[in-house]
Amino acid sequence: MANRRARAGNRRTQRIRQHPRADKAGLQPGTLLYVGKELTQPTLATLTEFGPEPDDLHESALVDVQCHLPAPREGHTIWINVHGLANTEFVKTIGRHFGLHPLVQEDILNTEQRAKVEVYQGYLFITARLVHADETANIESEQISIVLGPHYVLTFQERPTGSFKGIREALQNEQSQLRRLGADYLVYSLLDKLVDRYFTVLEAVGERIEAVEDSFEDGPGPDHLGEIQSLRRSLLAVKRGLWPLREMINTLQRDEPDFFRNETQLYLRDVYDHTVQLIESVEALRDLVGSLQDTYLSLQSHRMNLQMRVLTVITTIFMPLSLLAGIYGMNFENIPELHTHNGYFVLIGVMFAIALALTGFFKYRRWF
Amino acid sequence: MANRRARAGNRRTQRIRQHPRADKAGLQPGTLLYVGKELTQPTLATLTEFGPEPDDLHESALVDVQCHLPAPREGHTIWINVHGLANTEFVKTIGRHFGLHPLVQEDILNTEQRAKVEVYQGYLFITARLVHADETANIESEQISIVLGPHYVLTFQERPTGSFKGIREALQNEQSQLRRLGADYLVYSLLDKLVDRYFTVLEAVGERIEAVEDSFEDGPGPDHLGEIQSLRRSLLAVKRGLWPLREMINTLQRDEPDFFRNETQLYLRDVYDHTVQLIESVEALRDLVGSLQDTYLSLQSHRMNLQMRVLTVITTIFMPLSLLAGIYGMNFENIPELHTHNGYFVLIGVMFAIALALTGFFKYRRWF
Amino acid sequence: MANRRARAGNRRTQRIRQHPRADKAGLQPGTLLYVGKELTQPTLATLTEFGPEPDDLHESALVDVQCHLPAPREGHTIWINVHGLANTEFVKTIGRHFGLHPLVQEDILNTEQRAKVEVYQGYLFITARLVHADETANIESEQISIVLGPHYVLTFQERPTGSFKGIREALQNEQSQLRRLGADYLVYSLLDKLVDRYFTVLEAVGERIEAVEDSFEDGPGPDHLGEIQSLRRSLLAVKRGLWPLREMINTLQRDEPDFFRNETQLYLRDVYDHTVQLIESVEALRDLVGSLQDTYLSLQSHRMNLQMRVLTVITTIFMPLSLLAGIYGMNFENIPELHTHNGYFVLIGVMFAIALALTGFFKYRRWF
Amino acid sequence: MANRRARAGNRRTQRIRQHPRADKAGLQPGTLLYVGKELTQPTLATLTEFGPEPDDLHESALVDVQCHLPAPREGHTIWINVHGLANTEFVKTIGRHFGLHPLVQEDILNTEQRAKVEVYQGYLFITARLVHADETANIESEQISIVLGPHYVLTFQERPTGSFKGIREALQNEQSQLRRLGADYLVYSLLDKLVDRYFTVLEAVGERIEAVEDSFEDGPGPDHLGEIQSLRRSLLAVKRGLWPLREMINTLQRDEPDFFRNETQLYLRDVYDHTVQLIESVEALRDLVGSLQDTYLSLQSHRMNLQMRVLTVITTIFMPLSLLAGIYGMNFENIPELHTHNGYFVLIGVMFAIALALTGFFKYRRWF
Amino acid sequence: MANRRARAGNRRTQRIRQHPRADKAGLQPGTLLYVGKELTQPTLATLTEFGPEPDDLHESALVDVQCHLPAPREGHTIWINVHGLANTEFVKTIGRHFGLHPLVQEDILNTEQRAKVEVYQGYLFITARLVHADETANIESEQISIVLGPHYVLTFQERPTGSFKGIREALQNEQSQLRRLGADYLVYSLLDKLVDRYFTVLEAVGERIEAVEDSFEDGPGPDHLGEIQSLRRSLLAVKRGLWPLREMINTLQRDEPDFFRNETQLYLRDVYDHTVQLIESVEALRDLVGSLQDTYLSLQSHRMNLQMRVLTVITTIFMPLSLLAGIYGMNFENIPELHTHNGYFVLIGVMFAIALALTGFFKYRRWF
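Read on for a plain summary of the structure. What you are looking at is a predicted structure, and each value in this text was computed from that prediction instead of being measured. (Residues numbered from 1 in each chain as written. Chains lettered and ligands numbered in written order. Predicted model: local features only at pLDDT ≥ 70, side-chain atom pairs only at ≥ 80, totals over all residues. Heavy atoms only, no water.)

Okay, the relation of the copies chain B and chain C next. Superposing chain B onto chain C takes a rotation of 72 degrees combined with a translation of 0.2 Å along the rotation axis, leaving an RMSD of 0.1 Å. Such values leave the two copies arranged in the relation of a five-fold axis. It is Gly329(B) whose C-alpha, among those of chain B, lies nearest the rotation axis, at 4.8 Å. The residues that chain B uses at the interface reappear at the interface of chain C in only 15% of cases, marking distinct surfaces. (Least-squares fit on C-alpha atoms with pLDDT ≥ 70 in both. Contact = heavy atoms within 4.5 Å.)

Since there are 3.6 residues in each turn of an α-helix, residues three or four apart along the chain are aligned in direction. Compared with the 32 Å implied by 1.5 Å per residue over 22 residues, the 31 Å span of helix H10 (residues 343–364) of chain E between its first and last C-alpha is a close match. Those residues of H10(E) that fall on the buried side of the exposure criterion are Gly343(E), Tyr344(E), Leu347(E), Met351(E), Ala355(E), Leu358(E) and Phe362(E). In a view along the axis of H10(E), the buried residues occupy a sector of 115 degrees, so they form one face of it. Turned more than 90 degrees away from the buried face of H10(E) sit Val346(E), Phe352(E), Leu356(E), Ala357(E) and Tyr364(E), all of them exposed. The inward-facing, buried residues of H10(E) abut helix H8 (262–327) of chain A together with helix H8 (262–327) and helix H9 (336–339) of chain E. Two residues or fewer after H10(E) comes Arg366(E), characterised by a positive phi angle close to 60 degrees. (Helix = DSSP H or I, 4+ residues; strand = E, 2+ residues; numbered from the N terminus. Expected span 1.5 Å × (residues − 1). Buried < 20%, exposed > 50% of the residue type's maximum accessible area, 1.4 Å probe, protein only. Arc of directions from axis to C-beta.)

Now for the pairing of strand S5 (residues 123–133) of chain D. All names here are of chain D. Counting buried positions over the eleven residues of S5 gives nine, a clear majority of the element. If you look at the hairpin formed by strand S4 (residues 116–120) and S5, you'll find two residues sitting between the two strands, and Gly122 has a positive phi there, around 90 degrees. Strand direction decides the pairing type here: S5 and strand S6 (residues 139–148), joined by ten bridges, are antiparallel. Considered in S6, the bridge of Thr127 is made with Ser145. (Pairing = 2+ DSSP bridges.)

In this assembly, 61 residues from chain E lie in contact with 65 residues from chain D. At the boundary of chain E with chain D, total buried surface from both sides reaches about 6,100 Å², with 55% on carbon and sulfur atoms. Here chain E and chain D share five salt bridges between them. The partner of Asp273(E) in a salt bridge is Lys116(D), with the nearest N and O atoms 2.8 Å apart. (Buried area = accessible area lost by both parts, 1.4 Å probe. Salt bridge = Lys/Arg side-chain N within 4 Å of Asp/Glu carboxyl O.)

Attention shifts here to the packing of helix H7 (residues 222–255) of chain A against H8(A). Residues and elements named next belong to chain A. Where H7 meets H8, the axes come as close as 9 Å, and the angle between the chain directions of the two elements is 160 degrees. As summarised for this structure, H7 and H8 are arranged roughly antiparallel, according to the angle between their axes. Relative to H8, H7 is oriented so that their crossing is left-handed. Partitioned by chemical class, the residues of the contact of H7 with H8 number 22 nonpolar, eight polar and six charged. (Axes fitted to C-alpha atoms, helices over the stretch in contact; angles between N-to-C directions. Parallel < 35°, antiparallel > 145°, perpendicular 65-115°, else oblique. Left-handed = near helix turned anticlockwise from the far one by under 90°. Nonpolar A, V, L, I, M, F, W, Y, C, P; charged D, E, K, R; others polar.)

For the pair chain E and chain D, the best superposition has an RMSD of 0.2 Å and corresponds to a rotation of 72 degrees with a translation of 0.1 Å parallel to the axis. In this assembly the copies use different faces: only 16% of the residues contributing to the interface of chain E also contribute to that of chain D.

It is worth spelling out the packing of aromatic side chains at this point. For any pair of aromatic rings, the description consists of the separation of the ring centres together with the inter-plane angle of the planes. All names here are of chain A. Within the structure shown, the criterion is met by 50 aromatic pairs over all chains. Ring centres of Tyr185 and Tyr267 lie 5.4 Å apart, and the angle between their planes is 85 degrees; on these two criteria the pair is classed as edge-to-face. With Tyr185 in helix H6 (residues 183–215) and Tyr267 in helix H8, this pair connects stretches of sequence that are 82 residues apart. For the pair formed by Tyr185 and Tyr267, the shared burial category is buried. (Phe/Tyr/Trp six-rings, centres within 6.5 Å; stacked < 30°, edge-to-face > 60°.)

Residue and element names in this part refer to chain E. Of note, Phe50 is situated in strand S1 (residues 44–50). A relative accessible area of 0% places Phe50 in the buried class. Counting along the chain gives 28 residues from Phe50 to Ile78, while the straight-line C-alpha distance between them is 6.6 Å. For Phe50, the residues in contact, after removing those within four places along its chain, are Asp56, Leu57, Gly75, His76, Thr77, Leu171, Leu178, Arg179, Gly182 and Leu186.

Next up on the list: the sheet that holds strand S3 (residues 77–83) of chain C. All names here are of chain C. Taking strand neighbours across the sheet as the criterion, the seven strands line up as S2-S1-S3-S7-S6-S5-S4 in an open arrangement whose pairing is mixed. On the outer flanks of this sheet lie strand S2 (57–61) and strand S4 (116–120), each paired with one strand and no other. The average undirected angle you get between the axes of adjacent strands in this sheet is 15 degrees. Looking at chain direction, strand S6 (residues 139–148) and strand S7 (residues 152–157) are connected through five bridges and run antiparallel. Looking at S7, one finds that Leu148 is bridged to Val153.

Turning next to the interface of chain B and chain C. Between chain B and chain C, the residue contacts involve 66 residues of the former and 62 residues of the latter. Buried surface at the junction of chain B and chain C, both sides included, amounts to about 6,100 Å², of which 55% is carbon and sulfur. One salt bridge in this structure joins Glu213(C) and Arg233(B), with 2.2 Å as the shortest N-O distance. Counting the contacts that link chain B with chain C gives 23 residue pairs in polar contact (both at pLDDT 80 or more). Looking at the side of chain B that touches chain C, the elements that each hand over two or more residues are helix H1 (2–14), helix H2 (21–24), helix H4 (102–109), strand S4 (116–120), helix H8 (222–255), helix H9 (262–327), helix H10 (336–339) and helix H11 (343–364) of chain B. (Polar contact = N/O pair within 3.5 Å; in protein donor to acceptor, adjacent residues only side chain to side chain.)

Our focus in this paragraph is the sheet that holds strand S6 (residues 139–148) of chain E. Residues and elements named next belong to chain E. As summarised here, the arrangement of the seven strands in space is S2-S1-S3-S7-S6-S5-S4, forming an open sheet in which the pairing is mixed. On the outer flanks of this sheet lie strand S2 (57–61) and strand S4 (116–120), each paired with one strand and no other. Direction aside, the axes of adjacent strands within the sheet are offset by 15 degrees on average. Contacts between helix H6 (residues 183–215) and the sheet are confined to S1, strand S3 (77–83), strand S5 (123–133), S6 and strand S7 (152–157), with S5 contributing the most and set at about 25 degrees to the helix.

A word on unusual backbone geometry. At Ala137(A), a position not held by glycine, the phi torsion is positive, near 65 degrees. Summarising the element assignment, Ala137(A) is placed in the loop between strand S5 (123–133) and strand S6 (139–148).

Okay, here's the thing in structure tokens:
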């Protein structure tokens, strides 16, 4: 029972949250409102300025956005990373500072966007979904928004996920290409990390599929069905994140020479290849989940077949014997066999013979 | 029974009304005739003229179309909103006044169009479907026709739905962009409201799916099947409204620079993104409904399996015991066991032993 | 039985006639031979010449094609409508008169073409399928061939169907656009009529689907399956007629400015919209038929479930009782219970108790 | 048993031969080797030279390819038709004479190509599959290779099939277009014949489908399944031949003005239309075969339903009666009913009443 | 049991290894790491230099990459073939020598790429998957990377597979085109070998399908299901290798005139045709596997039908007989029949008559 309840709970958290915009349906377009999970995450921001030279790295917390944002020095890049979007005023201030279009600000706060890239005057706006899987391969995703300007990168996340820790560490390393190549390579690195998360998630799903497959050995049960449906939903969620992501990276790689140098575009092509590979994996996994369902139904049908066979064999053997016993239990005055000395023993023998013959017949017909 | 009847009723109202044109099949092309639901709605119209200045807003009811329609003042926009299309003469008069092509007038009155945009000399003709869902997530839709001219917007609805109330309120606000940006932005606002309705409808469908899913816990019944079919139809109806809508907005956003300024096209791109997102939601919900059906069938098959197992176990245990009782109920003169003192008790013991052994065997084979 | 036979008959007439060309397989290309249903329809033709002026309308039967065909007067249009194609000589003569390519003549007589448009030197050749549905929504279709020249229109039908009666009436009306706009508008009117027939047919199919759905209330039977298959075939036949028709009208509307004036192309765009709408209806109806089949199978499975449950409940209740009766019917000398005064009544009571307990258990488990 | 064996045999011959190239896998590209069915067909060739004049027709057997091949006279066309490809030397010699690329020679001998057209310097290389159906609608196909040069046509077949007999006869006729139009029209005629064969084959398949459908009246059996699978394979084989054929003819019709005159291209367009029509027929037949399978499964499920109903009805009626008989067969000393005078007759009456009541109940519930 | 375990084992080795990149997820892009099967294969390389002249062939093992790589002489081609990729340093050195981009080096070592071709400054980078099937038609694949420069070809394999033995032998032959045509023809030959492997693999799969089909004669079992799933996976794996391979070869054939001469492109077109043919074979085989599953389920359902029929027949025949026996086993004092002389024999006769009548009825209804 607890099991069932837990399953129902799982299902509920995993349900793809469909229509957050419905809450906004009555508002005027252009009203800024945070449309996402109810978070109590405070809005925090870090400002990183870096350049190619060994000591060209400055990190600082951005407590008050009202304060003066430094203009990046020649050859330097500014990266502002914002966690937690509840404080819409904060986002608005940054938006105003960098001249972001009201629709961009709206999209940053409305965290149920599909991955896309949009070109605006002087900057590029990118959104994508960052996925993670829990231990039962349920998928959760959140929105990452990236703004790429000439010498700055802005990133907006719903909560700190540690996904970009590796990038922050690489920035420490003065040899890394990140320090040398600047804003567009930084955006590439962010996307690469994001895509790598999908690999991890698909691996978790793959392992879950194997687990379900292995547990089939103990006979199929209704729990299996729930798990299969849950896996199907997980893959659906991954697919919904991945398809527009591929499309978006393809657009970046091919159509945005103004924002990405040739050198970086080679790297974007590589990320693009990974998304293609991921999509093929998703398709293959979906196929596997589909064949899990087939196997489940087949096993159940096989089991029912077996039960039917047992029932038929038992009935076919015992019914004639019972009839014989019934016949000789009748109270007719004149039943000659009843008065013979060995009648009973002969009948028992006949019963055995019938049982053996029928058993042999069923064996011959491979019924068991 | 009442339940069944209600279901049938539901089904009937929900049926996608297919071929209203069939009634017109015998008429000449060009004959104006209202082809829609039989409405007793009177035909009403409001005329709104507005401009950017604080007191540039005039609303008036348009009782008699024969009366002189004012030419909009420089920089002003006229919006005529018509409710109820039974009075075809009214539509014809407006059509003549604004020089609408006969086919446009026909399309306005034939309220089973699919969403489309058509360019005519000097104006743009747009139709789309406005959806709403009742409490069981059945979908009803009606047609909205929009004509966008240089300084005027005409809208035609089958009945007053209150969908554009928010826009009328925004017009009151002299700060709103609507007042400043004029006719094309007004059309954008109308489309945005229309698209938001789809979000609300999909949310209703999503909740209904969850409700059905939850009610599976009490075992699957034939009512579930009806509900699943009804959900499938609802999604089909939404899909039929949404696909051409997306296509239409895409056309507006890309191909109509004459009617939409660059500034407004950014907003149209945003609406377009919403339709793409909606379509993905529809696909995901269709997938969920499909897996509801799978679950339903699987649960039913599982239940039958269980029944078969009970039947087989009961039969397998009781048939041998009945045979034994039958054998010792025979009337042979010479059955030695019958005359022993403890025969009866030994046999009862043997019966228990057989029953226990078989029960143990079935437990071992995990039959229950 | 009669029912079954009738069904089989239906099926046969409805079968999509696949390969009439097979009969021609041995002939040389270019041999003219009427390849269609075996009709005893005589070949008849009417010649209509009309112009914009009130008395510019002359209709006459064309008994003998050998006779001199009048050249149309300046601004006039000639429409020759041929019914019944058995007289190939007739078609050949007309063909020679208007300079039709041998392949065109072959296509007119081979009445199993798919809808297409072909441009020849100086004229346009159009074929399409005209559909009608009988009372059980079985589809029959026949071929209409249209030749559009500069000032003439030729139409060829397998038999008189009355489909173009409305057009002939409109020609009587000297105000109608037909009179004014001439040959290309006439072709548009013909196509519009043809497309309207599809609306009527789909409505018939839709009603049939509802009828089948309603009859499910009385339990699913094998007749339902036949009806579902028959509906599926009808929709397949409509689809096969409609897809190439849409494609063809699209070609006309976009690519043939030489034969259709701008003014008429607006009307063709309207017909094109209708075909798109029809195709969506077909898809929706196919979906409905698919879900009819699902419902049918589900109801059958539900019914079997019910039977199985009855069987299991009956068996589970009566087997133990029968065993008890069997035990006390045994002939052991020493069965103490048999000799008690109330043994019989106690046992009957015990039997009732067991039956009640099991019934209660099954009720609790919601087995009935 | 014999039946089953025959079916297995059928299946084997029908299996689409997949990978003849596997035998060649170890060889160098460019090695000429006949990769086809093991034929003992001798390699034969006929040489036909023809022109427009009445006596411009010369046919001769081409025994020794080493012999001098005549150059065609001005305005004449040479057609060399080769049957049986076992003699690779023969093909090689012809290839060398006409300057065929080694890959073309390889493709002629490797008779498992898909239909294609390839342009080489000075000639066009065409391969296609010629199909025929045996009496159970199993499909066999063989490869036809055609080389079209400026004034010559080469055709290569695996064995003489008589498919081109009609063409040879038409050549006899000095009035035929073939004589006048030369090489490209000859190729068109060959393709037309080839396409007509598909019509014949699909008709055979269609008749087979009807036969299976009709035999369903006697109840579904496992043989039906085999037939359905066999039909599915046949259609798959036709489809595999037809799709690339259409593509190929489309290429010829649109892209090869160097090899086909305008006049002939009109005829190719006609053949192209036929392939499109054929493909639609294949799709429709596949749909029919799919619904055969549905019908089969449905009938089987319906049958099982019926059996289950009989079983349940019988069990429900007889079990209570047997219990009653068992109760009054018990040996309790004190069973008052046993000693009444009419007890037996009353009980028999009660039994009849119960049986009637249950039968009535089942009738009321429409169980039979 | 052992059987089941073995099956599980098989399944595990066959599972498509999804996400090797997951292990790399934490690393910086650009870090070189071998991501493939854990091999203990030493890294070996052979250097082959060849030209058109008879003695222009030099083969040598490349033990130490640090050593000076010879520049190819005029008109000569260098082919370096590397087996075993564990020694990343080796790959790096070669990469540096030929100026390979870091992403190329990464792709060579990350052996789970999908087939692709990438143009870099001065060279072409190709990856593809080489497949082989074990005796149960399980597919394993490994990555082949090919770099094509102006006068050199580099190939990288995970382990020596002997696939290119034929090419090495052909190089020995001074007459072979390989010697004359150089680097691009060598790449063609490599791809041709690779594609031929797919033919071999599909043949193995086809044979396995036939084997499963034949074993259906003995009745369907759960092992069949496992085999069908395993075949489906094999085909999925082949498909995943083949689709991008086709795409890649198509790109080579059409878009890379800088790297492939016209002469070689004819050969590439031939390889391309083979991939198209392979893909059609895969689709046909997938269809066959799908119909295997249908057959399996149908046979199982047929079997269950049979069992149900036996059960129903036995029950229907024996239940009335048992009731009769039970009735005459009752202990009523007044049962007149019991006292007649022939009552017993008459009853036995009646029983036979009932049994015969029911058997006849079932025979008539074709129940067996």
